[in-house]
Amino acid sequence: MCVRIAVADDLQKIAIWDPDEVTILVDRGTRPHDLIREIHAILTVDLGAPDVPGAGLHCYCGEPVRLPLALSPTSAGAPAL
């Protein structure tokens, strides 16, 4: 099962791994650069996903991890999500 990304309000961190739901919860209002860095760290360090520079975010199974449209750096024109 691939990792999903979901938005939550009032988290104590930028991103939190929820193993029960196989989901990374991300705090609404986080700057895209910080968010990508945190998600990348969870995927590669905590979950053992492959770390291929320039290849984007990948699940531990090797499949690309898709950000919800509201979190996509290409669609977020504002400095915060």
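Everything numeric in this text was worked out from a predicted model, so none of it was measured.

A. Main features of unusual backbone geometry. Look at D10: it is not a glycine, yet its phi comes out positive at around 60°. Tracing the chain through its elements places D10 in the loop between β1 (4–8) and β2 (15–18). Under the relative-accessibility criterion, D10 is labelled exposed at 75%. Located in the positive-phi region is V22, a residue other than glycine, with phi close to 50°. With respect to the secondary-structure elements, V22 resides in the loop between β2 and β3 (23–27). For V22, a relative accessible area of 12% corresponds to the buried category.

B. Fine view of the environment of D9. Looking at the secondary structure, you find D9 in the loop between β1 and β2. In the structure, D9 is positioned 17 residues away from V26 in sequence and 8.2 Å away in space, judged by C-alpha atoms. Those residues in contact with D9 that lie beyond four places of it in its chain are D27 and R28. Reaching out from D9, the side chain makes a polar contact with the side chain of R28 at a distance of 2.7 Å.

C. Focus on the nonpolar core. Counting residues in hydrophobic clusters, the biggest one holds 15 residues, and the most contacted among them are I5, I24, V26, I39 and L43. When contributions to this core are tallied by element, the ones reaching two or more residues are β3 and α1 (32–46). Considering each element in turn, this core owes the most residues, 4 residues, to α1.

D. Structural detail: the pairing of β3. For β3, the buried fraction is high: 4 of the 5 residues fall into the buried class. Sheet topology note: the β1/β3 ladder contains 5 bridges and is parallel. When the sheet's bridge partners are listed, R4 is paired in β3 with T23. Across 4 bridges, the pairing between β2 and β3 is antiparallel.

The rules behind each value
Residues numbered from 1 in each chain as written. Predicted model: local features only at pLDDT ≥ 70, side-chain atom pairs only at ≥ 80, totals over all residues. Heavy atoms only, no water. Helix = DSSP H or I, 4+ residues; strand = E, 2+ residues; numbered from the N terminus. Buried < 20%, exposed > 50% of the residue type's maximum accessible area, 1.4 Å probe, protein only. Contact = heavy atoms within 4.5 Å. Polar contact = N/O pair within 3.5 Å; in protein donor to acceptor, adjacent residues only side chain to side chain. Core = buried A, V, L, I, M, F, W, Y, C linked by side-chain atoms within 4.5 Å. Pairing = 2+ DSSP bridges.

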